[in-house]
Amino acid sequence: MEDVLVIGGGFAGVWSAAAAARMRTDNDVDLSITLVAPGDDLVIRPRLYEADPHLMRVPLDRILGPIGVHRVAATVSTIDTVHRAVTAVDADGRSTKWQYRRLILAAGSRLRRPALPGAEHLHSVDTVEAAVALEEHLRTCPPGPGRWTVVVVGAGFTGLEVATEMVGRLAEMSGPADRPRVVLVERADAVGPELGPGPRPAITEALDRLGVEVRLGQSIASVEPGRVRFADGTELAAGTVVWTAGVQASPLTAQIPGWRDRLDRLRVDEHLRVAEAPEVFAAGDTAAAEADPGHLVLQSCQHAIPLGKYAGHNAVADLLGLPLAEFSPAPYACCVDLGAAGAVLTSGWDRMIESTGEKAKARKMATNRERIYPPLDDADEILRVADYRVGVRPAGARI
Ligand SMILES: Cc1cc2nc3c(=O)[nH]c(=O)nc-3n(C[C@H](O)[C@H](O)[C@H](O)COP(=O)(O)OP(=O)(O)OC[C@H]3O[C@@H](n4cnc5c(N)ncnc54)[C@H](O)[C@@H]3O)c2cc1C
């Protein structure tokens, strides 16, 4: 019997486990806390659009080991909320079953891949493995008319970051006689449809400046090596097509009773508890929690970290009969990397621009390269930061 079982080793899972460990220490109680995830690392997903994606991870044992969280490398296959049981299978096919007193589901999200002819040729930056495969493909793509042409599908947050960063990555990889080309394809009639009109002028200006070709009101119909066909029947020689459109919560959410939103996230109350399965809390990309009145959290690191801290805190508070904390994240801000054109930083849900260019870029770099990294090896510091009242770490505090 596990007192607290955490599913997932991303930002939400790690901070859930750390916050639970913090409560255990603060209340001087003996509780078993186990985290189960297939990989050995916390993947820094927000950096997977950058070069060298294989570096974007930190070992889970350097976070969980010092604070006494037991880790099991396995993939959860079933959750039985009636019997409070979870089954997982490890890489050798061995099955483990736990019973839990409190469960925190933090199994994250995955890219929704389209069912179109040649979909197997699509690349993505959704996982380390996919981002590494993309980088390898960019280096080894066979010669041909589309050798240095990359089509990025989806001009949402991730597509914009991939396209703008790709301009510089291709310039570094190609020769002086080559003419790299980045084409950004968006089904809607504007870039950044989910970002709204606030940051759009800065984004459009950056795309123009970098020479990214934008095709609005367009999608792709099929892909084959070296060629992509668009929905309007036109074709383009392109060595690489990167799909970024659409993210969905882990299918494990379907095994928990309760209402799910269009992203398959579980509705949770202000304590991040699933009403229909009261021993279950959800955090990160699996949770549809209210961030502010009328605004659900976004599938973002910015929300996954505090969601994890509150879920871990509340799971143990609930076990100990202590008051639970109401989820209350820091004010929403959004910062989109725009490659060599800088970045755009907005604040509030209507995303009014706060800064652009180098100033916003400095903020983006500080967030991505320092602030979202957890402390390593230092139990006191990990437990200190695991407090839901402590925001992301100050820039410059990286290990
Ligand atoms: C390219 C890219 C750029 C991004 N940029 C930003 C950004 O700039 N700002 C921002 O805030 N957010 C950004 N995000 C989103 C952010 O990365 C996610 O919202 C965040 O990682 C969610 O954290 P999570 O812990 O909920 O899930 P994940 O990071 O998805 O982690 C899920 C964990 O669960 C594990 N897991 C999955 N299935 C199982 C299973 N069956 N059994 C056991 N374990 C399982 C996984 O292995 C993983 O350890 C970006 C994402 C991408 C892909």
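Scroll up a little and you will see the structure.
Reading guide: rules and limits
- Residues numbered from 1 in each chain as written.
- Predicted model: local features only at pLDDT ≥ 70, side-chain atom pairs only at ≥ 80, totals over all residues.
- Heavy atoms only, no water.
- Axes fitted to C-alpha atoms, helices over the stretch in contact; angles between N-to-C directions.
- Helix = DSSP H or I, 4+ residues; strand = E, 2+ residues; numbered from the N terminus.
- Left-handed = near helix turned anticlockwise from the far one by under 90°.
- Contact = heavy atoms within 4.5 Å.
- Nonpolar A, V, L, I, M, F, W, Y, C, P; charged D, E, K, R; others polar.
- Pairing = 2+ DSSP bridges.
- Salt bridge = Lys/Arg side-chain N within 4 Å of Asp/Glu carboxyl O.
- Buried < 20%, exposed > 50% of the residue type's maximum accessible area, 1.4 Å probe, protein only.
- Phe/Tyr/Trp six-rings, centres within 6.5 Å; stacked < 30°, edge-to-face > 60°.
- Lys NZ or Arg CZ within 6 Å of the ring centre and 35° of its normal.
- Near = heavy atom within 4 Å.
- Polar contact = N/O pair within 3.5 Å; in protein donor to acceptor, adjacent residues only side chain to side chain.
- Right-handed = clockwise from strand over helix to strand, strands pointing away.
- 1 Å grid on protein atoms, 1.4 Å probe; cavity = no way out; pocket = protein on both sides within 12 Å on 5 of 7 lines; lining within 4 Å.
- Points joined across faces, edges and corners; volume = space filled by probe spheres on them.

Caption draft 1: Examining the packing of helix H1 (residues 11-26) against helix H6 (residues 301-320) more closely. Two elements in contact, H1 and H6, have axes separated by 7 Å at closest approach and are oriented at 35°. Helix-helix and strand crossings are classified by hand; for H1 and H6 the assignment is right-handed. Contact residues: H1 offers Phe 11, Ala 12, Trp 15, Ser 16, Ala 19, Ala 20 and Met 23, while H6 offers Cys 301, Ala 304, Ile 305, Gly 308, Lys 309, Ala 311, Gly 312, His 313, Val 316 and Ala 317. Counted by class, the contact of H1 with H6 contains twelve nonpolar, four polar and one charged residues.

Caption draft 2: Focus on the sheet that holds strand S10 (residues 149-153). Strand order in this open sheet of four strands is S12-S11-S10-S16, and the pairing throughout is parallel. Each having just a single partner strand, strand S12 (213-216) and strand S16 (240-243) make up the two edges of the open sheet. This sheet shows a mean twist of 20° between the axes of neighbouring strands, independent of strand direction. Bridging between S10 and S16 involves four bridges; their strand directions are parallel. Bridge assignment links Val 153 to a residue of S16, and that residue is Trp 243.

Caption draft 3: Inspection of the pattern of salt bridges at higher detail. Within the structure shown, the criterion is met by 27 salt bridges. Arg 57 is paired through a salt bridge with Asp 41; the nearest N and O atoms lie 3.3 Å apart. Highlighted residues: Arg 57 in strand S4 (residues 57-59) and Asp 41 in strand S3 (residues 41-43), separated in sequence by 16 residues. Here Arg 227 makes a salt bridge to Glu 235, at a shortest N to O gap of 3.0 Å. A relative accessible area of 30% places Arg 227 in the partly exposed class. Residues joined in a network through salt bridges with shared partners are Arg 22, Asp 26, Asp 387 and Arg 389.

Caption draft 4: Up close: the packing of aromatic side chains. All chains considered together, the criterion is met by three aromatic pairs. Seen from their ring centres, Tyr 332 and Trp 349 are 4.3 Å apart, and the 15° between their planes marks the pair as stacked. Of this pair, Tyr 332 sits in the loop between H6 and strand S24 (333-337) while Trp 349 sits in the loop between strand S25 (343-347) and strand S26 (352-356), and the two are 17 residues apart along the sequence. Of the residues examined, Trp 349 reaches a relative accessible area of 19% and is grouped as buried. In this structure, Lys 309 is placed above the aromatic ring of Trp 15, and the distance from its NZ or CZ to the ring centre is 5.0 Å.

Caption draft 5: View of the site of the ligand. Residues in close proximity to the ligand total 30 residues, the closest being Arg 45, Val 76, Asp 285, Cys 301 and Lys 364. Measuring from an oxygen atom of the ligand, one finds a backbone N or O atom of Ser 109 at 3.5 Å. Residue Ser 300 places a main-chain N or O atom 3.0 Å away from an oxygen atom belonging to the ligand. Taken together, the elements giving at least two residues each to the shell around the ligand come down to H1, strand S2 (33-37), strand S6 (75-80), helix H4 (157-173) and H6. Among the elements that take part in the shell around the ligand, H6 stands out by supplying three residues, more than any other. By residue class, the composition of the shell around the ligand is 16 nonpolar, eleven polar and three charged.

Caption draft 6: Broad picture of the pairing of S2. Burial of S2 is extensive: five of the five residues sit out of reach of the surface. Burial along S2 is two-sided: Ile 33, Leu 35 and Ala 37 and Thr 34 and Val 36, pointing in opposite directions, are all buried. Bridge count between strand S1 (residues 2-7) and S2: four bridges; the pairing is parallel. Of the residues in S2, the one forming a bridge with Ile 7 is Val 36. For the crossover that starts at S1, traverses H1 and ends in the parallel S2, the hand is right-handed. With four bridges joining them, S2 and strand S5 (residues 70-73) adopt parallel strand pairing. Paired with Ala 37 across the strands is Ala 73, a residue of S5.

Caption draft 7: Looking closely at the layout of surface pockets. Considering only enclosed or pocket space, the second largest pocket measures out at about 200 Å³ in volume. Counting only elements with at least two residues in the lining of the second largest pocket, the list comes to strand S13 (220-224) and S16. For the lining of the second largest pocket, the class distribution of residues is eight nonpolar, eight polar and two charged.

Caption draft 8: Main features of the side chain of Arg 265. Relative to the helices and strands, Arg 265 resides in the loop between strand S17 (247-249) and strand S18 (266-267). Polar side-chain contacts of Arg 265 include one of 2.7 Å to the backbone oxygen of Val 297. The residues touching Arg 265, leaving out its near neighbours within four places in the chain, are Ala 249, Trp 259, Arg 260, Asp 285, Thr 286, Ala 287, Ala 288, Leu 296, Val 297, Leu 298 and Gln 299.

Caption draft 9: Spotlight on unusual backbone geometry. Unusually for a residue other than glycine, Asp 52 sits at a positive phi of about 55°. Within the secondary structure, Asp 52 is located in the loop between S3 and S4. Look at Asp 264: it is not a glycine, yet its phi comes out positive at around 70°. On the secondary structure map, Asp 264 appears in the loop between S17 and S18. The class of Asp 264 is partly exposed, set by a relative accessible area of 21%.

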